[in-house]
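Fold and geometry: a report
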Amino acid sequence: MLGQKPVPTHSSAYLETRKFGMPYKGKVALVAEGGGQRGIFTAGVLDTWLDAGHDPFDILIGTSAGSQNLTSFVARQKGYAKRLIRGLTRHRRFFQMGRGLMGKHIVDLDWYFDKTQEANRLLDLDTAKANVADREILFTATNSRDRKAYYLDPMKSNHDWVELIKASSALPLLYKQGVPLHIGVEAKQAANTDFYLDGGLAAPLPVTEAYKRGATKIVVIRTVDKGFQAQSPWLQKLSAVMCATGTCPKTIDYLLQHEQAYQKELAFIENPPEGVEVVQIFASDKLQSKLLGSTDAQLRHDYKLGKQAGSTFLETERKAIAFPQEANSQPTASLHGENATSAAAYFLKNANGYMKSQHGASNRKHAIKLPIPAPRKPNAGADDINSRISA
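Residues numbered from 1 in each chain as written. Predicted model: local features only at pLDDT ≥ 70, side-chain atom pairs only at ≥ 80, totals over all residues. Heavy atoms only, no water.

Let us now look at the overall build of the protein chain. Counting its regular elements, the protein chain contains 14 helices and ten strands. Looking at the 391 residues of the protein chain, the share that counts as buried comes to 52%. The contacts of the protein chain with a sequence gap of at least 6 include a subset with a gap of at least 24, amounting to 75%. For the protein chain, the exposed surface amounts to about 17,400 Å²; the carbon and sulfur share of it is 54%. (Helix = DSSP H or I, 4+ residues; strand = E, 2+ residues; numbered from the N terminus. Buried < 20%, exposed > 50% of the residue type's maximum accessible area, 1.4 Å probe, protein only. Contact = heavy atoms within 4.5 Å. Areas by Shrake-Rupley, 256 points an atom, 1.4 Å probe, with all protein chains shown as cover.)

Written out as structure tokens, the structure is:
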């Protein structure tokens, strides 16, 4: 296991700029998308950042596989997520379609998380908790009763950290009714025991939530190919016919909810509020892995793409800090020769990765990463958020 505070391996110029540069105004958030076995791309990105000692984030939000990846990241366990995805998720015990015919879980999360309790697969939760003691880490989950998104905080919950990851990863229909959790939803209401499903249903890409919690720079690790819009014309047509009769199957209902939530977040990303920057990290090539059923070769391919994308991101950050005047005066032109526009976007694409950044309407100074996350500051609406979604 790695220590709680790995020594950064950036160039000395980069470290000096981070130390003496102007602090970033506002919080920096990291959002890790789900995607089942495609989460191995995220694992590659985060493992690269662990090697570099790069963790300047004040807020970390993960969905499904993203919550597992973020946990191994803050636990400083490089290679942990990759090992579980390549090992446990490919085991015949984990995924069997035939079990559904017998009324059992198609995806056996109980077995999966039991295996993580074995000595050679234990998470270093003590290190994880120490590393997020002064910041926020949240896992998204969907309440099966009201279908709303909930943001589970393992630092405040009465439930075990791993149990919250399990709830965030419980794919509907594949893991039957979900994971039971006893959660206080509103400050004035008694806590309820409800079943919780995969966070990807109601909060597949929780960028808006990061903004609500005070983030003005949001880094999003995507596990889909660039250009993905979550629009399925066939699903829209089928649901229009079947749901109009009042017999909307649960499967279609879940997929519709996922698409609608996804579209809402994509709209936010494309047009962020003034003063907000959203940076998306994509693979430079088409991901080969799938939600489930990927081969080991496909997983190794996508992990490598993640490592390359993580390196590309760090190099871009270094260049922006090394040449702050160019980054501040012409955030778009300095990268690919185009003039900045309202909601300016820059694209960096090469053999090592693909990154897309959206800015709010006004140009502002480029982010300066801090070696240690800044102390959390209370912001307007914080009390409302905590009473609305606590675990």
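More follows now that the structure is in view.
Attention shifts here to the packing of helix α3 (residues 65-74) against helix α7 (residues 161-168). As a packed pair, α3 and α7 sit with axes 9 Å apart at the nearest point and diverge in direction by 150°. By the angle between their directions, the pair α3 and α7 is classed as roughly antiparallel. Across from S67, Q68, T71 and V74 in α3, the residues of α7 making contact are W161, I165 and S168. Each residue belonging to the contact of α3 with α7 can be placed in one class, and the counts come to three nonpolar, four polar and no charged. (Axes fitted to C-alpha atoms, helices over the stretch in contact; angles between N-to-C directions. Parallel < 35°, antiparallel > 145°, perpendicular 65-115°, else oblique. Nonpolar A, V, L, I, M, F, W, Y, C, P; charged D, E, K, R; others polar.)

Bringing the environment of G310 into the picture now. With respect to the helices and strands, G310 occurs in helix α11 (residues 296-322). According to the relative accessible area criterion, G310 is buried, its value standing at 0%. Excluding anything up to four places from it in sequence, G310 contacts V45, T48 and W49.

Attention now moves to the packing of aromatic side chains. The geometry of two aromatic rings is summed up by the distance between their centres and the angle between their planes. Per the counting criterion, the structure on display carries seven aromatic pairs. Aromatic pair W49 and F313: ring centres 5.0 Å apart, planes at 45°, arrangement tilted. Here the residue W49 occupies a position in helix α2 (residues 39-52), and F313 occupies one in helix α11, the gap between them amounting to 264 residues. By the burial criterion, W49 is buried, and F313 matches it. Among the aromatic residues, ring-to-ring pairing joins W49, F57 and F313 into one connected group. (Phe/Tyr/Trp six-rings, centres within 6.5 Å; stacked < 30°, edge-to-face > 60°.)

Moving on, we come to the environment of L305. Along the polypeptide, L305 turns up in helix α11. Sequence separation of L305 and G44 is 261 residues, and the distance between their C-alpha atoms is 7.2 Å. With residues up to four places along the chain from it excluded, the contact list for L305 reads F41, A283, S284, D285, K286 and L287.

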